[in-house]
Amino acid sequence: PAGAAPVAPAPPPPAGPYVPPAAAPYDAAPVAPYAPQHGAPYAPGSAAPYAPAPASPYDAPPAPTYPATTAPYPGAVVPADPYAQPAHTPPQHQPLPAGGYSTPPVDLPGGPTSRISRPVSGWNVPAVGMLILFLIALGAVLWPQYRARSTEHEVKPLVVGLVGHEAWARCPRYITSVFTYVGAVTMDGKGKLSDHTELTGPICKGLRHLYTPAGRAEMACLVTTGDCSQTALDSVVALSTITHESMHLRGVLDEGQAECTSVAAAVQAAKLAGLTENEGRMIGYLHLLGMNPDTPPQYHLTPTNCPSAIDTVRNAPGDDAVKEHLISEVARTWRDIAT
């Protein structure tokens, strides 16, 4: 203010080291550097910037240390590394045994050690088995069809030649005997005859054998020694039967008349089947004397109701002893087939 005495300037500080002023109570506290969560707080003037944190139960365990694998001095025992992997050893190739490779013994739960000795197969065994069963069943269905149709095809010219118009014979497919009789011709409700005859299995079997080269060659026994095989005797009965049924297809309804005309047509039937005339005469002779006596009464033939039977007996070739032998053999065969 006016009139006041002038203030002298402050003297300069004395020379020496700098001493910071003392902290005021209202000054901010010094900032400590970052310390870990579990570490000690920073202490001013300490040698380390922060103290290491103690081990936490959540921290990862320290890495294991492994002992040295090289001996520090000769003769030292080096402990084995528990984490070391075994060295790979290539498989030894052994020669294939005679029975093939087999699996090693297998310890089954709850049971003793078992050995599977058969080699492992790449086939699907159940599928192959089912396929084989299917093929067998298919063959069982198709084979009788094929065999029956083949016989019908071979015999049809014989039936057509005897009947004089379109006709045929039918063989069974799956059943050996269809009717009580060895053959039959049906008639519808209007009295019209069927165009085919139904034959049983043994008759078709005899015809099937007859229509082979061996079957035709066997029929020569009828005019030679008389020592005929059973298949030849079956063919005699089969040819006589289909000749009789063809007479029904021709329109002859009476059994006696059909029997008489079939005996007289034996030579024609034999020629249609590829046999000789003499063989046909013997077939008619054996039909008359070997088969007809073992038929029902309405079939029986006598010189009265069948005058042509006399010519059949008179014209049969061969020795009388041979004829008697063949008559007995054909009668036995006829009984076996017809009954």
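Definitions and limits used
Going along each chain's sequence as written, the residues are numbered from 1 onward. It should be noted that, the model being predicted, local features are given only for residues of pLDDT at least 70 and side-chain atom pairs only at 80 or more, the latter also being counted only at that level, while totals for whole chains, interfaces and linings use all residues. Note that the side-chain values use all heavy atoms of the structure and ignore hydrogens as well as water. Helix and strand definitions here come from DSSP, where helices need a minimum of 4 consecutive H or I residues and strands a minimum of 2 consecutive E residues; each element is numbered from the N-terminal end. Burial classes: relative accessible area under 20% of the type maximum marks a residue as buried, over 50% as exposed, and values in between as partly exposed (1.4 Å probe, protein chains only). Methods summary: accessible areas were calculated by the Shrake-Rupley approach with a probe of 1.4 Å, and residue burial reflects only the protein chains presented. Two strands pair if DSSP finds at least two bridges between them. Residues count as neighbours in contact if any of their non-hydrogen atoms are within 4.5 Å of one another. Whenever two N or O atoms come within 3.5 Å, that pair is a polar contact, provided that in protein one can donate a hydrogen and the other can accept it, and provided that, for residues adjacent in sequence, both atoms are side-chain atoms. Axes here refer to lines fitted to C-alpha atoms; in helices the fit is confined to the stretch in contact. Angles between the N-to-C directions go from 0 to 180 degrees. Each angle gets one of four labels, with under 35 degrees taken as roughly parallel, over 145 as roughly antiparallel, 65 to 115 as roughly perpendicular, and the rest as oblique. Handedness of each helix crossing follows the sense of rotation of the near helix against the far helix: counterclockwise by less than a right angle gives left-handed, clockwise gives right-handed. Helices are assigned an expected span. That span is 1.5 Å times one less than the residue count. Basic side-chain nitrogens of Lys or Arg form a salt bridge, by our definition, when they fall within 4 Å of a carboxyl oxygen of Asp or Glu. What we call a nonpolar core is a set of buried Ala, Val, Leu, Ile, Met, Phe, Trp, Tyr and Cys residues that are connected through their side-chain atoms within 4.5 Å. Criterion for a disulfide: a pair of cysteine sulfur atoms at a distance within 2.5 Å.

**A few points about the overall build of the protein chain**
Counting its regular elements, the protein chain contains nine helices and five strands. Helices and strands in the protein chain line up, N terminus first, as β-β-α-β-β-β-α-α-α-α-α-α-α-α. The burial tally for the protein chain puts 29% of its 339 residues in the buried class. For the protein chain, the exposed area adds up to about 22,800 Å²; of that, 63% sits on carbon and sulfur atoms.

**So, the sheet that holds strand 4 (residues 183-184)**
On the basis of which strands lie adjacent, the open sheet formed by three strands has the order 3-5-4 and mixed pairing. At either margin of the open sheet sits one strand with a lone partner, and together these are strand 3 (168-170) and strand 4. Alignment of strand 4 against strand 5 (residues 196-199), held across two bridges, turns out to be antiparallel. Paired with Ala184 across the two strands is Glu198, which belongs to strand 5.

**Examining the pairing of strand 5**
Of the two faces of strand 5, the one lined by His196 and Glu198 and the one lined by Thr197 and Leu199 are each fully buried. Direction of pairing for strand 3 relative to strand 5: parallel, over a ladder of three bridges. Considered in strand 5, the bridge of Arg170 is made with Glu198.

**Details of helix 5 (residues 255-264)**
Within the sequence span of helix 5, burial applies to Gly256, Ala258, Glu259, Cys260, Ser262 and Val263. Residues of helix 5 that are buried in the fold lie against helix 4 (230-250), helix 6 (266-272), helix 7 (277-291) and helix 8 (308-314). Here helix 5 starts with a cap whose side-chain oxygen sits 3.1 Å from the backbone nitrogen of Gly256, and that cap is Asp254.

**Quick word on the packing of helix 4 against helix 9 (residues 320-338)**
One way to put it is that helix 4 packs onto helix 9 with a least axis distance of 9 Å and a crossing angle of 70°. Classified by the angle their axes make, helix 4 and helix 9 are roughly perpendicular. Crossing of helix 4 over helix 9 shows right-handed handedness. For the pair helix 4 and helix 9, contact is made by Gln230, Leu233, Asp234, Val236, Val237 and Thr241 and by Glu329, Val330, Arg332, Thr333, Trp334 and Ile337, respectively.

**Structural notes on helix 7**
Between its first and last C-alpha atoms helix 7 spans 20 Å; for 15 residues at 1.5 Å apiece the expected length is 21 Å, and the two agree. Of all 15 residues that make up helix 7, 11 are buried, and the element is covered over most of its length. Buried within helix 7 we find Glu279, Gly280, Met282, Ile283, Gly284, Tyr285, Leu286, His287, Leu288, Gly290 and Met291. Summarising the contacts, the buried residues of helix 7 are in contact with helix 4, helix 5, helix 6, helix 8 and helix 9.

**Details of the pattern of salt bridges**
Tallied over the entire structure, the rule returns eight salt bridges. For Arg332, the salt bridge identified is with Asp336, shortest N-O distance 3.7 Å. A residue pair is termed a helical-turn pair when its members lie 3 or 4 positions apart in one helix, as Arg332 and Asp336 do in helix 9 at four residues. Accessibility expressed as a relative area gives 54% for Asp336, which makes it exposed.

**Observations regarding the nonpolar core**
Counting residues in hydrophobic clusters, the biggest one holds 49 residues, and the most contacted among them are Leu222, Leu239, Ile242 and Leu286. For this core, the secondary structure elements donating two or more residues are helix 1 (125-163), helix 2 (201-210), helix 4, helix 6, helix 7 and helix 9. In contact with Ile242, other than residues within four places in its own chain, are Val155, Leu158, Val159, Ala169, Leu199 and Leu207. Judged by nonpolar contacts, the second largest core, of six residues, contains Cys260, Val263, Cys306 and Ala309.

**Regarding the state of the cysteines**
Evaluated as defined, the whole model comprises three disulfides. Residue pairing for Cys171: its cysteine sulfur links by disulfide to Cys204, the two sulfurs lying 2.1 Å apart. Across the S-S bond of Cys171 and Cys204 the torsion is about -100°, and the bridge reads as left-handed. You can see Cys171 sitting in the loop between strand 3 and strand 4 and its partner Cys204 sitting in helix 2, a full 33 residues away along the chain. We note that Cys171, like Cys204, is buried. Across the protein chain, the disulfide pattern expressed with sequentially numbered bonded cysteines is 1-2, 3-4, 5-6.

**Brief notes about the side chain of Ser235**
Locating Ser235 in the fold gives a position in helix 4. Setting aside residues no more than four positions away along its own chain, Ser235 makes contact with Gly206, His209, Leu210 and Met219.

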